[in-house]
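Reading the structure
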Amino acid sequence: MTDPLRPSHGFSPRIEALAQTLRPIFARIASESINREHERVLAHDAVRCLLDAGFGALRVPVRYGGSGASLPETFRLLEELAEADSNLPQIFRAHFAFVEGQLHRGDSPQAVRWLEQVARGALFGAAMAELTDSTGTTTTLRPHPDASKASWILDGTKYYSTGTLYASWIVAVATDGADRIHVAVPVTAHGVTRVDDWDGFGQRLTGSGTTRFENVIVPDENVLSRVPIDAFPTNEYLTTYYQLFHLATLAGIGRAILRDAVAFVRPRTRTFGVPGQVAQRHDPLVQGVVGRLSALSFSADTLVEKVAWALEDTSAQWTAGVDGGPAFEVAQVQAYQAQQIVAGQVLEAANLLFEVGGASATSEARRLDRHWRNARTLASHNPLIQRQRELGDFALNGTAFGSRWRERTDVAREGATNATRREQAA
């Protein structure tokens, strides 16, 4: 899958060996991607092959059975996978973020338990978002009526449940009174229903539909975390990590666009507006378009690598249990600066691709439109205009990202404190 002009460099020997194992799998995934798109065939076989090869355990430390890959190594392999089929990295996004969350817990018994499961081939999906008219969580976790069961009951409905159709575990967020709780639920648990109803025009095979929990029993040991419901819902590290996943996937789409443009042009012997047979690869106009595609792809690759290294600079602090600080802020700002450029450049490339082929490039058999649809869908996950404004506010006023969430949290806490004081005074 890799371009010969982009030699593999910078991998540790262990990850280079893994990459050599993974690349034939990536190649097979690429060869099947158009058929999956045509027939809407979910990528279960591809996901299983990747898990069996150790892809899901890239970041799991070697001592727990994983590969111990760095962040730059991980995201370079994710780009290669996205070049093969951009649905696949999205399927793994929640899974990889779950692993990062466990790395943050150090060598705690709970973290070790989950990391070892990942090393054995478990895949984690996510069920976080809900279709409500405001931000918040209506899914509930309540104590099991039989106290001897040492468990809880989970009820609720989630949407945008990316990866859950392929997963063995689902990480869900729920509320219990004034607390927000993350739990892990096996997909085989009684009362779990996964629905393939994602209706986006892109990223169609990511398993991002509805997940329902109806009286699902959750043992105590599967409660991952519990925090006050008014606490800030994420942190700089994971926010940056999630965005970097999108950037790497977009960069992979940029690579696929260049690949498909070259594959389309090289065999063609007819150029619009030129009589007779003319090798299209020698047409200066076509060469210019492909040259532009190569530059756009290079730019996206470079920005992803830049942000990956910025996040790597925080990795030691993250695994030591630190949530934030100057290095975390630098990585987050760079991720959203890169988003402004990478999304636009890959969408430009997806549109420019059609300048090399005329009407024949629009053939359903080629599915070249999937690149634009997938890139547009990815770019819509975190609105560019909102992040652009936040970048401007940060540059002009030093306003930290997520300030509106934090202001809301501070107001809620102040209100709760004042209410308590009034009760005590009465």
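These figures come from a predicted structure and were not determined experimentally.

Low pLDDT means the predicted coordinates in that region are not meant to be read closely. On average, residues of the protein chain score 91 in pLDDT, and 90% of them reach the 70 mark or higher. In this model residues 1-8 is a low-confidence stretch, pLDDT under 50, and it forms 19 contacts with partners more than four residues away in sequence or in other chains.

Here we take up the pairing of strand β4 (residues 169-176). A regular strand places its side chains so that they alternate between the two faces of the sheet. Of all eight residues in β4, seven are buried; the element is thus mostly enclosed. In this sheet, β4 lies alongside strand β1 (residues 124-127) in parallel orientation, the contact comprising four bridges. Each bridged residue has a counterpart across the sheet, and for Gly125 the counterpart in β4 is Ile170. Inspection of the sheet shows β4 paired to strand β5 (residues 179-186) by eight bridges, in the antiparallel sense. When the bridges of β5 are listed, Thr175 appears paired with Arg180. Two successive antiparallel strands, β4 and β5, enclose a turn made up of two residues, where Gly177 displays a positive phi of approximately 65°.

In this model, helix α4 (residues 87-103) (17 residues) spans 25 Å end to end at C-alpha, consistent with the 24 Å of a helix rising 1.5 Å per residue. Bending of α4 peaks at approximately 40° at the position of Arg93. Most of α4 sits inside the fold, with 17 of its 17 residues counted as buried.

For the rest of this paragraph, the subject is helix α7 (residues 284-319). Along its 36 residues, α7 runs 52 Å from first to last C-alpha, staying within 8% of the 52 Å computed at 1.5 Å per residue. Most pronounced at Asp313, the bend in α7 amounts to some 35°. A side-chain oxygen of the first residue of α7 lies 2.8 Å from the backbone nitrogen of Leu285; this N-cap is Asp283. A positive phi of about 95° marks Gly321, the residue just after α7.

All right, on to the nonpolar core then. Counting 78 residues, the largest nonpolar core has Leu50, Phe55, Phe75, Leu77, Leu88, Phe92 and Tyr241 as its most contacted members. Broken down by secondary-structure element, the contributors of at least two residues to this core are α1 (13-39), α2 (44-52), α3 (71-84), α4, α6 (236-265), α7, α8 (326-352) and α9 (369-379). When residues of this core are assigned to their parent elements, the largest contribution, 15 residues, is made by α6. When sequence neighbours within four positions are dropped, the list of residues in contact with Phe55 reads Leu22, Phe26, Leu50, Leu77, Leu78, Leu81, Phe92 and Phe96. One finds Ala127, Ile170, Ala189 and Val216 within the second-largest nonpolar core, a separate group that totals 18 residues.

Thresholds, definitions, all that
- Residues numbered from 1 in each chain as written.
- Predicted model: local features only at pLDDT ≥ 70, side-chain atom pairs only at ≥ 80, totals over all residues.
- Heavy atoms only, no water.
- pLDDT = per-residue confidence, 0-100.
- Contact = heavy atoms within 4.5 Å.
- Buried < 20%, exposed > 50% of the residue type's maximum accessible area, 1.4 Å probe, protein only.
- Helix = DSSP H or I, 4+ residues; strand = E, 2+ residues; numbered from the N terminus.
- Pairing = 2+ DSSP bridges.
- Expected span 1.5 Å × (residues − 1).
- Bend = angle between axes of the 7 residues up to and from the residue.
- Polar contact = N/O pair within 3.5 Å; in protein donor to acceptor, adjacent residues only side chain to side chain.
- Core = buried A, V, L, I, M, F, W, Y, C linked by side-chain atoms within 4.5 Å.

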